[in-house]
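# Coordinate inspection notes
Letter by letter, the chains look like this.
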Amino acid sequence: MELISLLWNGLVFDPMLNGLVLLYAVTGRNFGITIILFTILIRLVTLPLALRQIRSTKKMSEVQPKIQALQKRYAKDKARLSQETMRLYKEMGVNPIGCLGPMVIQFPIWIGLYYAIVKVLPTNPESLASLSSHLYSWIPVVHEVVPLNSRFLGLDLSTAGVPPLNYVVAFLVGGSMWVMQKMSTPLSADPRQRSTNQMMLWMMPFMFGFFTITLPSGLPLYWFVSNLIGIVIQYFVTGWAGLIPSRTKPAPVAAGVDAGQSSPDSIQDEETVNDGKQSRDERQERRGSHRARPKGARRRTRGSRHRGG
Amino acid sequence: MKPFFLLLLVACSSLLLVGCIGSKQFAATAGWAGPLVSDETVYLGSREGKMLALDAATGERRVSFPAGEKEHLLGIYGTPALAGGVLFVGDYQGKLYALDAAGLTKRWQYPADERKIGQIVGGPTVAGNLVIFGSSDKKVRALLRNNGAQEWEFATEGMVWSAPIVVSDTVYVASLGHHVYALSLADGKPKWPKPFEAGGAVVASPLVADGKVFFGSFDRVFYAVNAATGKEVWRFGEGKAWYWSTPVTDGKRVYPVATDGKVYALDINSGAKRWEFDLGKSTISAPVLVGNNMVVTSDAGLIYILSAETGAQVSSFDVAAQVRAPLIARDGVVYINAMNHRVWALRVSGRQEKVWEISTSTKE
């Protein structure tokens, strides 16, 4: 545990904390401005990861109709389903956990930033005393500006806000989070998925709104700015996406025929045509397995294709 | 593995990380008050928010304030002050209490109503008929000792977390806003043409001796300022860490302790370094002089006895707990309020021995 703590402090927490204090020292000694600038800076540094995550999520949502078609087609053959799904991912250039990689990398950054903000705005002598060991001795200015001035736009960033200002901030945080989530959540025709998405869409903003009322105001400011940047990034990659439903349609469960996409049968055909590297034997094998499917299954697929149309 | 479970795994790992590492980032407001030793009694703010009166000979608890088992103050950091049978103590909730020293019953409190002022971290100081204290709302207040009526107040440019020091008719106050002030005891008006401005926050009470005001700052500089004019006499900038505690002096040298555990002996007239000693661990506890020795401690829980003349270690004593409260000495005995709720009385002059050790926790 000691080693984890050392690594965490040395690689994530201390650099962030000193960065925050340094930024405060050189940008007019206003911690509100510092939080805004630092959040922008961090968002810029992690932009490639964020973009990758958004694109990956977008691709995943685009490939969903085909996945669902495969699920229907190979409902009774899990092994084949898995094989075909992986092949589809490969051919479409989708990494099923591609959206999680960037998220995993970003998590320590967000957690570090969270604690850095809490730490540099000490709420009692104990926290101020423990700050000393985290500041770099080779940057004199970070020692000179501590403790930081925590006043910003009528808020004391080191303590929880007071009514009614804290409710306004909670609304801004919750509202911006809702918008960001709404934009980034792909529409789904799967009722179970839709219900989960719907729950997350409301639960997270409410949760963070509640945190806003109880936690030091510096954190809600960071969340709000971070959400706004997230909305801007999302807009440039996907447009308003799920925010304006009239511009988007839910992905159909059955094979995306609406969108002019192929049926499970034609998926395979399309894959075969596209995949020039595949050997003749492989193609024959796949056709063979195609033919070997039970009749009922084929009919069901066609039926669903018909319904989809 | 399905993405949902991976996401769940990531979320759980993050929570674990937050739990393991994060818990160290948040420190509870529990206080670290230095004891006040009168003839037969040791007064002490416990880390559970109780003001205690202990028998100085045995450490046995006599009375406490608040008396109720579940009642307590919030964070007592300052050493209390005693005058005319009345004990004065402030707490982190922003209340100053005047207690009957014998029974620790409340005589008055400031503010008298439910109103709160800024958190009180430094202890109060008694001078004449006034009790003077600073608070986190950037104010220094002087109240009448007998009833708590406010006599004057002075606005500083930063929070005041230290006890004001009164010498003759002047009150010296340090603030986290980088300034040290000299105020008139009578009316709180500034006595220097302008306050002394250090390069960083000044959290500890200054030491006034030899016509100078000594204090260290977060800019890692230790200052000596003319007590009458507020002009800098000398500065010591070799330190690499903050100064959090009040220094001590034997008249020839002044002894500051930096937060990285470095103890310095500086010539009182020139600031030239005579010796330094490394405690090897960080500290914010103030040292104390006992005879020719200096007693100082660190977060490691070791009490060092150093020769004030040479800086050589005479001996050490392990209390096995972090100590942040200032060390207080009387009649060769040093009183230590450790962070593990235990209070020690150690004889450090002559034969070194533990006089007593008690727990201030109600849970033991």
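Keep in mind it's a predicted model, so treat the numbers as computed, not measured. (Residues numbered from 1 in each chain as written. Chains lettered and ligands numbered in written order. Predicted model: local features only at pLDDT ≥ 70, side-chain atom pairs only at ≥ 80, totals over all residues.)

## Quick word on the overall build of chain B
Helix and strand counts for chain B stand at 1 helix and 32 strands. Scaling as 2.2 N^0.38, a compact globule of 364 residues should have a C-alpha radius of gyration of about 21 Å, and chain B matches this with 21 Å. With respect to the principal axes defined by its C-alpha atoms, chain B has extents near 75 × 50 × 50 Å. Counting all 364 residues of chain B, 51% fall into the buried class. Intrachain contacts of chain B at a sequence separation of at least 6 include 40% that bridge at least 24 residues. (Helix = DSSP H or I, 4+ residues; strand = E, 2+ residues; numbered from the N terminus. Rg over C-alpha atoms; globule rule 2.2 N^0.38 Å. Buried ≥ 20, exposed ≤ 12 C-beta atoms within 10 Å, placed from the backbone. Contact = placed C-beta atoms within 7 Å.)

## Describing the sheet that holds strand β15 (residues 179–184) of chain B
Ordered in space as β13-β14-β15-β16 (chain B), the 4 strands form an open sheet in which the pairing is antiparallel. Strands with a single pairing partner mark the edges of an open sheet, and in this sheet they are β13 (165–167) and β16 (196–197) of chain B. (Pairing = 2+ DSSP bridges.)

## Notes on the nonpolar core
One finds V180(B), V295(B), V334(B) and I336(B) to be the most contacted residues of the largest nonpolar core, which totals 161 residues. Those residues in contact with V180(B), other than ones at most four positions away along the chain, are Y172(B), A174(B), P195(B), F196(B), A198(B), V202(B), P206(B), V213(B), F215(B) and V225(B). (Core = buried A, V, L, I, M, F, W, Y, C linked by C-beta atoms within 7 Å.)

## Quick word on the pairing of strand β31 (residues 342–347) of chain B
All names here are of chain B. As defined by bridge partners, strand β30 (residues 333–337) adjoins β31 across 5 bridges and the pair is classed as antiparallel. Paired with Y335 across the strands is A345, a residue of β31. Following β30, the chain reverses through 4 residues before pairing antiparallel with β31; H341 in that reversal takes a positive phi of roughly 70°. Hairpin connection from β31 to strand β32 (residues 353–359): 5 residues lie between these consecutive antiparallel strands, with G350 at a positive phi of about 70°.

## Re the packing of helix α3 (residues 47–73) of chain A against helix α10 (residues 218–238) of chain A
All names here are of chain A. Where α3 contacts α10, the two axes come as close as 10 Å, and the packing angle between them is 50°. It follows that α3 is oblique to α10 by the angle criterion. In this structure, the crossing between α3 and α10 has a hand that is right-handed. Contacts from A50, L51, I54, R55 and K58 in α3 reach I233, Q234, V237 and T238 in α10. (Axes fitted to C-alpha atoms, helices over the stretch in contact; angles between N-to-C directions. Parallel < 35°, antiparallel > 145°, perpendicular 65-115°, else oblique. Left-handed = near helix turned anticlockwise from the far one by under 90°.)

## With respect to the sheet that holds strand β12 (residues 150–155) of chain B
Sheets are built from strands paired through backbone hydrogen bonds, the pairs being either parallel or antiparallel. Residue and element names in this part refer to chain B. Overall, antiparallel pairing links the 4 strands, which are arranged β9-β10-β11-β12 in an open sheet. Two strands bound the open sheet, and with one partner strand each, they are β9 (125–127) and β12. With direction set aside, neighbouring strand axes in the sheet form an average angle of 20°. In the sheet, β9 pairs with strand β10 (residues 130–135) via 3 bridges, with the strands oriented antiparallel. Residue pairing across strands places A127 opposite L130, the latter belonging to β10.

## Overview of helix α8 (residues 165–184) of chain A
Taking 1.5 Å of rise per residue, 20 residues should cover 28 Å, and α8(A) covers 29 Å from first to last C-alpha, within 8% of that figure. For α8(A), the complete set of buried residues consists of V169(A), A170(A), V173(A), G174(A), S176(A), M177(A), M180(A), Q181(A), M183(A) and S184(A). (Expected span 1.5 Å × (residues − 1).)

## Things to note about the confidence of the model for chain B
Residue and element names in this part refer to chain B. A residue-level look at chain B finds 92% of positions with pLDDT of 70 or above and a mean pLDDT of 92. Contacts of residues 20–25 to residues separated by more than four positions or lying in other chains number 8 contacts, the stretch itself having pLDDT below 50. Here the complex is predicted with pTM 0.78, and the ipTM for its interfaces comes to 0.88. (pLDDT = per-residue confidence, 0-100.)

## Some words on helix α1 (residues 2–26) of chain A
All names here are of chain A. Over its 25 residues, α1 runs 34 Å from end to end, which matches the ideal 36 Å to within 8%, given 1.5 Å per residue. Where α1 bends most, the angle comes to about 50°, and this point is N9. All of the buried residues in α1 are W8, F13, M16, L17, L20, V21 and Y24. Phi for G28, located one or two positions after α1, is positive at around 85°. (Bend = angle between axes of the 7 residues up to and from the residue.)

## Some words on the environment of G34(B)
Residue and element names in this part refer to chain B. One can find G34 in the loop between α1 (3–22) and β1 (36–37). Sequence separation between G34 and P326 is 292 residues, and the spatial gap between their C-alpha atoms is 5.1 Å. If we skip the residues at most four places from it in the chain, G34 touches T79, A325, P326, I328 and N337.

## Describing the environment of S315(B)
All names here are of chain B. Of note, S315 is situated in strand β28 (residues 313–318). The exposure class assigned to S315 is exposed, which follows from the 11 C-beta atoms found within 10 Å. Along the sequence, S315 and Q352 sit 37 residues apart, while their C-alpha atoms lie 9.0 Å from each other. Beyond its immediate sequence surroundings of up to four residues, S315 is in contact with I305 and Q352.

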